[in-house]
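Listed below are the residues making up each chain.
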Amino acid sequence: MTLAIAAGLLAAVGAWLVIRGGAVRLILGFILLGHAANLVIISAGVTDRRAAPITGAELDPTTAADPLPQAFVLTAIVITFGVTVY
């Protein structure tokens, strides 16, 4: 629930900054929208009720964290940095 509230708040403030106009507000708005998208992707990986992906000898796949959303977020962070620099 906390991730959903944080993602909604970041998306709302980011959209408001993009609409307001101005170069700095536009850049900050896109940064906040990128962070909101990252939180949405992380929340899709079911953050609660999951253990670390690598814990020891016996690994139960039903309780292990899904590494795919984490890889997507890492890629999204790199793309957000590229858009910000551009």
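Our subject is the structure that appears above.
Residues numbered from 1 in each chain as written. Predicted model: local features only at pLDDT ≥ 70, side-chain atom pairs only at ≥ 80, totals over all residues. Heavy atoms only, no water.

**Side note on the overall build of the chain**
Argument step 1. Scanning the chain from terminus to terminus reveals three helices and zero strands.
Argument step 2. Written out in order from the N terminus, the α and β elements of the chain read α-α-α.
Argument step 3. Looking at the 86 residues of the chain, the share that counts as buried comes to 16%.
Argument step 4. When contacts within the chain are restricted to residue pairs at least 6 apart in sequence, long-range pairs at least 24 apart make up 45% of them.
Argument step 5. Summing over all exposed atoms, the chain offers an accessible surface of approximately 6,200 Å²; the carbon and sulfur share of this is 74%. (Helix = DSSP H or I, 4+ residues; strand = E, 2+ residues; numbered from the N terminus. Buried < 20%, exposed > 50% of the residue type's maximum accessible area, 1.4 Å probe, protein only. Contact = heavy atoms within 4.5 Å. Areas by Shrake-Rupley, 256 points an atom, 1.4 Å probe, with all protein chains shown as cover.)

**Details of the packing of helix α2 (residues 23-44) against helix α3 (residues 67-85)**
Pairs of packed helices are described in terms of their axes, by the angle between the two and the distance that separates them.
Argument step 1. Contact pair α2 / α3: the axes reach a minimum separation of 9 Å and the direction vectors enclose 175°. Relative to α3, the element α2 is oriented roughly antiparallel. Here α2 contributes I27, I31, G34, N38, I41 and I42 to the contact with α3, which in turn contributes P69, Q70, F72, V73, A76, I77, T80 and T84.
Argument step 2. When its residues are assigned to classes, the contact of α2 with α3 shows nine nonpolar, five polar and no charged. (Axes fitted to C-alpha atoms, helices over the stretch in contact; angles between N-to-C directions. Parallel < 35°, antiparallel > 145°, perpendicular 65-115°, else oblique. Nonpolar A, V, L, I, M, F, W, Y, C, P; charged D, E, K, R; others polar.)

**Details of α3**
Argument step 1. The end-to-end C-alpha separation of α3 is 28 Å, in line with the 27 Å expected for 19 residues at 1.5 Å each.
Argument step 2. The complete set of buried residues in α3 reads P69, V73, A76 and T80. Looking down the long axis of α3, one finds its buried residues gathered within 60° of arc, a one-sided arrangement. The outward face of α3, more than 90 degrees from its buried face, is lined by the exposed residues L74, V78, I79, F81 and V85. (Expected span 1.5 Å × (residues − 1). Arc of directions from axis to C-beta.)

**Points about the side chain of T80**
Argument step 1. Along the polypeptide, T80 turns up in helix α3.
Argument step 2. On the accessibility criterion, T80 (16% relative accessible area) is buried.
Argument step 3. A polar contact of 2.8 Å, which involves the side chain of T80, links it to the backbone oxygen of A76. (Polar contact = N/O pair within 3.5 Å; in protein donor to acceptor, adjacent residues only side chain to side chain.)

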